[in-house]
Amino acid sequence: MSCKRIAITPGEPAGIGPELMLALSDLDWPVELVVLADPALIQARAELLGRDITLLPYRQQAKPVPQRAGTLTIEPVTLAKPAVPGVLDEANGLYVLETLKRASDGNMSGEFDAVVTGPVNKGIINKAGVSFSGHTEFFAQQANVPDVVMLLATPGLRVAQVTTHIPLAYVARAITEERLTKITRILHAELKSKFGLANPRIYVCGLNPHAGEDGHLGREELDIIIPALNALREEGMDLVGPLSSDTVFNEKNMKDADAFLAMYHDQGLPVLKYIGFGKAVNITLGLPFIRTSVDHGTALELAGTDQIDAGSMLCALNQAIEMIEKRDE
Ligand SMILES: NC(=O)C1=CN([C@@H]2O[C@H](COP(=O)(O)OP(=O)(O)OC[C@H]3O[C@@H](n4cnc5c(N)ncnc54)[C@H](O)[C@@H]3O)[C@@H](O)[C@H]2O)C=CC1
Ligand SMILES: NCC(=O)COP(=O)(O)O
């Protein structure tokens, strides 16, 4: 297989993204990594941490070559202001978006084979004047895809979400038969195509406490979720539920399920992040390109220190490489 090229966005410059890039540069990789960032930022963080690193310019027309330890290949994107570790500055909000847009464009054109993203601060991008709720929604919009699925995965557990970054107060309204059907179809199809599962079994969470307790604690299960799941079962999908989300994540179910489908962001992710910290990956399903990410945030208080765990970033890159291999099989 020819050497592949993966775009890497470090994310929020005041967060631990630059440290994550240094962690990537510690290892040899079988692919070319193209870091979309301000070289001065990476150099400054390396100096702060007493690290030697050789920054190489990205040459788009050259054949991709595997990344060698001690180096990072960079395409410059210029910060508006030098970043201070741990201190957000809305002046750099658009810089972050520029890196994401470059990654998206390069993936859409076929220049890159995947994008791996570091953590961004959603709030500071909004403060910079651009409405932004997350990479998931941003990449969907850039790729002109109406529906994508956020899936977090760690060994032994995959959790997808029907809704992503919306206020809790809007969640019940957003759970419609149409949305649940579309999301479940994407999840089911990509568990097959991207993870090689012939007939994936998906455990579905209820929305209400005790999955509505026969309608006494909320009617969404009876009126929306059960009818949607029954129709999808008619298509041959192996769906279990809806089940009460306070008990569904037990050892027996985790062994049996290929994935869990949660109704909202904070329903299943605490379980996944608890058992998977340092070895979990966020994957966007339904995009026309491969996108993986760290499972954690900007950890501002750790920026500029050597206290970070780069495990999730390494897993995200390995996951992207695996997905490229699967795609090219
Ligand atoms: N992929 C992304 O872009 C994500 C971005 N975020 C953003 O991050 C910001 C901060 O969110 P928080 O909820 O505080 O989550 P966080 O993940 O930044 O921090 C939660 C706790 O985990 C620790 N932590 C996080 N990553 C770590 C690492 N690699 N090594 C060691 N310790 C680590 C932090 O020090 C903190 O104690 C928010 O603006 C949020 O939107 C959050 C999750 C994902
Ligand atoms: N919990 C994952 C998260 O919030 C990151 O979302 P995204 O920025 O990857 O869409």
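The structure presented is a predicted model; accordingly, all values stated were derived computationally and were not measured.

Thresholds, definitions, all that
- Residues numbered from 1 in each chain as written.
- Chains lettered and ligands numbered in written order.
- Predicted model: local features only at pLDDT ≥ 70, side-chain atom pairs only at ≥ 80, totals over all residues.
- Heavy atoms only, no water.
- Pairing = 2+ DSSP bridges.
- Helix = DSSP H or I, 4+ residues; strand = E, 2+ residues; numbered from the N terminus.
- Axes fitted to C-alpha atoms, helices over the stretch in contact; angles between N-to-C directions.
- Contact = heavy atoms within 4.5 Å.
- Core = buried A, V, L, I, M, F, W, Y, C linked by side-chain atoms within 4.5 Å.
- Buried < 20%, exposed > 50% of the residue type's maximum accessible area, 1.4 Å probe, protein only.
- Domains from an automatic or database assignment.
- Near = heavy atom within 4 Å.
- Polar contact = N/O pair within 3.5 Å; in protein donor to acceptor, adjacent residues only side chain to side chain.
- Areas by Shrake-Rupley, 256 points an atom, 1.4 Å probe, with all protein chains shown as cover.
- 1 Å grid on protein atoms, 1.4 Å probe; cavity = no way out; pocket = protein on both sides within 12 Å on 5 of 7 lines; lining within 4 Å.
- Sits in = over half its atoms within 2 Å of the grid points.
- Buried area = accessible area lost by both parts, 1.4 Å probe.
- Salt bridge = Lys/Arg side-chain N within 4 Å of Asp/Glu carboxyl O.
- Right-handed = clockwise from strand over helix to strand, strands pointing away.
- Nonpolar A, V, L, I, M, F, W, Y, C, P; charged D, E, K, R; others polar.
- Expected span 1.5 Å × (residues − 1).
- Bend = angle between axes of the 7 residues up to and from the residue.

## Considering the sheet that holds strand β7 (residues 157-161)
Consideration 1: An order of β3-β4-β2-β1-β5-β12-β11-β6-β7-β10-β8-β9 is seen for the twelve strands of this open sheet, with the pairing classed as mixed. Unpaired on one side and paired on the other, β3 (54-57) and β9 (238-243) mark the two borders of the sheet. Put simply, the sheet's adjacent strands are angled 30° from each other on average, direction ignored.
Consideration 2: Bridge analysis of strand β6 (residues 149-154) against β7 gives five bridges, and the strand direction is antiparallel. Each bridged residue has a counterpart across the sheet, and for L151 the counterpart in β7 is A160.
Consideration 3: Contacting β1 (5-9), β2 (32-37), β5 (114-117), β11 (281-285) and β12 (291-294), helix α11 (residues 311-327) runs over the sheet at an angle of about 165° to β12.

## Side note on the nonpolar core
Consideration 1: Core analysis: the largest hydrophobic core is formed by 88 residues, its most contacted members being I6, I8, M21, L261 and L317.
Consideration 2: For this core, the leading source of residues is α11, giving seven residues.
Consideration 3: Summarising the domain contributions, this core has at least three residues from each of domain 1 (1-145 + 288-328) and domain 2 (147-286).
Consideration 4: With near-sequence residues (within four places) excluded, L261 lies in contact with A160, Q161, V162, L180, I183, T184, L187, I202, Y203, V204 and C205.
Consideration 5: In terms of nonpolar packing, the next biggest core, distinct from the first, is built from 15 residues, M254, F260, L272 and A280 among them.

## A few points about the site of ligand 2
Consideration 1: Near ligand 2 you find K122, G134, H135, T136, M150, H165, H265, L269, K273, N282 and R291, and these make up its full shell.
Consideration 2: H135 places a polar side-chain atom, nitrogen or oxygen, 2.7 Å from an oxygen atom of ligand 2.
Consideration 3: Here ligand 2 loses 91% of its free accessible area of 300 Å² to cover by the protein chains.
Consideration 4: Judged by the proximity of its atoms to the pocket grid, ligand 2 belongs to the largest pocket.

## Focus: the domain arrangement of the protein chain
Consideration 1: On domain assignment, one finds that the protein chain holds domain 1 (1-145 + 288-328) and domain 2 (147-286).
Consideration 2: Computed over C-alpha atoms only, the centres of domain 1 and domain 2 are separated by 28 Å.
Consideration 3: Contacts between the two partners involve 22 residues from domain 1, matched on the other side by 21 residues from domain 2.
Consideration 4: Of the roughly 1,800 Å² buried between domain 1 and domain 2, counting both surfaces, carbon and sulfur atoms make up 58%.
Consideration 5: The interface formed by domain 1 and domain 2 includes zero salt bridges.
Consideration 6: Our count for the contact surface shared by domain 1 and domain 2 stands at nine residue pairs in polar contact (both at pLDDT 80 or more).
Consideration 7: Of all the secondary-structure elements, those providing two or more residues to the side of domain 1 that touches domain 2 are α5 (135-142), β12 and α11.

## Side note on the pairing of β1
Consideration 1: The buried fraction of β1 amounts to five of the five residues, a majority that puts the element mostly inside the structure.
Consideration 2: The alternating pattern of β1 places R5, A7 and T9 and I6 and I8 on opposite faces, both of which are buried.
Consideration 3: Bridge count between β1 and β2: four bridges; the pairing is parallel. Within β2, the residue paired with I6 across the bridge is L33.
Consideration 4: Crossover β1 to β2 through helix α1 (residues 17-24) is right-handed.
Consideration 5: Summarising the sheet, β1 and β5 pair through four bridges and their orientation is parallel. Bridge assignment links A7 to a residue of β5, and that residue is V115.

## What to know about the site of ligand 1
Consideration 1: In the neighbourhood of ligand 1, 17 residues make up the surrounding shell, with V120, G297, A299, E301 and D309 lying closest.
Consideration 2: With respect to ligand 1, the backbone of G297 contributes an N or O atom lying 2.6 Å from an oxygen atom.
Consideration 3: Separating an oxygen atom of ligand 1 from a backbone N or O atom of A299 is a distance of 2.9 Å.
Consideration 4: For ligand 1, the accessible surface in isolation is 810 Å², of which the surrounding protein chains cover 64%.
Consideration 5: When its residues are assigned to classes, the shell around ligand 1 shows eight nonpolar, six polar and three charged.

## Some thoughts on helix α8 (residues 220-234)
Consideration 1: The first and last C-alpha atoms of α8 sit 20 Å apart over 15 residues, in line with the 21 Å expected at 1.5 Å per residue.
Consideration 2: Maximal helix bending in α8 amounts to about 30°, located at I226; proline P227 follows within four positions.
Consideration 3: Along α8, the positions that sit buried rather than exposed are E220, E221, I224, I225, A228, L229 and L232.
Consideration 4: In the core, the buried residues of α8 are packed alongside α6 (168-174), α7 (177-195), β8 (201-205) and β9.

## Thoughts on the environment of A69
Consideration 1: Along the chain, A69 falls in the loop between β3 and β4 (71-76).
Consideration 2: Between the C-alpha atom of A69 and that of E90, which follows or precedes it by 21 residues, the distance is 33 Å.
Consideration 3: Apart from the residues within four sequence positions on either side, A69 is in contact with S25, D26, L27 and D28.

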